Amino acid sequence: LFFVASLLLSAVACKTPQVVVEESALEKLPKIKDKELLDRIDSLSKIEPKTFYTKLTATYKDLSKPADEGEISLKTSIKIVSDSAVSAIITYARIPVVTALVTQDTLSVVNKRDRCYTIASLDYLKELFGVDFTYENLEEIIYGKPLDYQLSQKYFIDNDPFHYSISTHKKRDRKRPDRKQKDDLMIQYQLSDNAKTLKQTRIWSLEDATEVSVVYLERQQMNGFDLPAKVEINIRTPKKSLLLSLDYERIEVNEPQELIIVIPESYEKCD
């Protein structure tokens, strides 16, 4: 349960499932100027409610196990005060079993079933998943924003007539990663066919030998914000291959939210 709690509190590295699509079946998209596409990614990176609340179903699956094993589905509620903290309550059979709070530098988790708690730095999640992330990455995933977008970073428009894609590295460098330094992080953003929303973010970490994709399968409008409705996060590291699915069932934007985590005095530190 502690692992499942943490899965909602991580920005990760992954790979999308293989889907074979014949190019001839795709229609070429209208040509859009490079500057317009870059401006679109920049504007999407700035979308951020002051507060956020959602109820969602989170499904975790270990792809290294047989199809009928290693899958867990739980109900979760998430509250965010932007640039401050994220809290999560995970329930099973309508009973809260785990509460968690993430701040800019700390992860706190209370395991009600085992009557214990854990307080650690965000480095703990790197140890757990084998990938690095920041608090900002967590908000970006939940809000459906471009992961790790930096205004100072130089980006390249991919020469792809069937997709609107923007990358931190040229296509030839992604095909020949040995030509780059091992600490390079390669990121690709793919926009929707109308170039108005983010469809997918993919990340390759050469240093950690990990790969990530966050795919926004469905989106919804709420109080002027374009937010996710269904998300798939695929994770591939040298040791793990995971799939996280998030189905947003209810959303509140810019409503007062109180973020509290209570650790009873009788609880001990988790082993």
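Here, every reference points to the structure presented above.
Parameters and conventions
Residues numbered from 1 in each chain as written. Predicted model: local features only at pLDDT ≥ 70, side-chain atom pairs only at ≥ 80, totals over all residues. Heavy atoms only, no water. Core = buried A, V, L, I, M, F, W, Y, C linked by side-chain atoms within 4.5 Å. Buried < 20%, exposed > 50% of the residue type's maximum accessible area, 1.4 Å probe, protein only. Contact = heavy atoms within 4.5 Å. Salt bridge = Lys/Arg side-chain N within 4 Å of Asp/Glu carboxyl O. Helix = DSSP H or I, 4+ residues; strand = E, 2+ residues; numbered from the N terminus. 1 Å grid on protein atoms, 1.4 Å probe; cavity = no way out; pocket = protein on both sides within 12 Å on 5 of 7 lines; lining within 4 Å. Points joined across faces, edges and corners; volume = space filled by probe spheres on them. Nonpolar A, V, L, I, M, F, W, Y, C, P; charged D, E, K, R; others polar. Disulfide = S-S within 2.5 Å.

So, the nonpolar core: which residues are in play, and what are the values?
By size, the foremost hydrophobic cluster in this structure holds 53 residues, and its most contacted members are Phe 52, Ile 80, Ile 142, Leu 191, Ile 233 and Tyr 248. Ignoring anything within four residues of it in the chain, the contact list for Leu 191 reads Leu 37, Arg 40, Ile 41, Leu 44, Tyr 164, Ile 166, Thr 197, Leu 198 and Lys 199.

Quick rundown of the pattern of salt bridges? Include the residues and the values.
Between side chains of opposite charge, a pair can form when the charged atoms approach closely. Enumeration over the complete set of coordinates arrives at eight salt bridges. Residues Glu 48 and Lys 145 are paired through a salt bridge, measuring 3.3 Å at the closest nitrogen-oxygen approach. Of this pair, Glu 48 sits in the loop between helix H2 (34-44) and strand E1 (51-62) while Lys 145 sits in the loop between helix H4 (135-143) and strand E7 (156-157), placing them 97 residues apart in sequence. Overall, Glu 48 belongs to the partly exposed group, its relative accessible area being 26%.

Any chance you could break down empty space enclosed by the protein for me, citing the residues and the numbers?
With the rule as written, the count across this model stands at two cavities of 30 Å³ or more. The computed volume of the second largest cavity comes to approximately 50 Å³. Lining of the second largest cavity is provided by Leu 44, Ile 47, Tyr 143, Gly 144, Lys 145, Leu 198, Arg 219 and Asp 226. Across the lining of the second largest cavity, the residue classes tally to four nonpolar, one polar and three charged.

Tell me about the state of the cysteines, residues and numbers included.
Any covalent bond linking the sulfur atoms of two cysteines counts as a disulfide. All chains considered together, the criterion is met by one disulfide. In this model Cys 116 forms its disulfide with Cys 270; the gap between the sulfur atoms is 2.1 Å. Disulfide Cys 116-Cys 270: the torsion about the S-S bond is 90 degrees, which places it as right-handed. Taken together, the residues Cys 116 in strand E6 (residues 116-121) and Cys 270 in the segment after strand E14 (268-269) connect sequence positions 154 residues apart. According to the relative accessible area criterion, Cys 116 is buried, its value standing at 9%. Using a relative accessible area of 23% as the deciding quantity, one classes Cys 270 as partly exposed.

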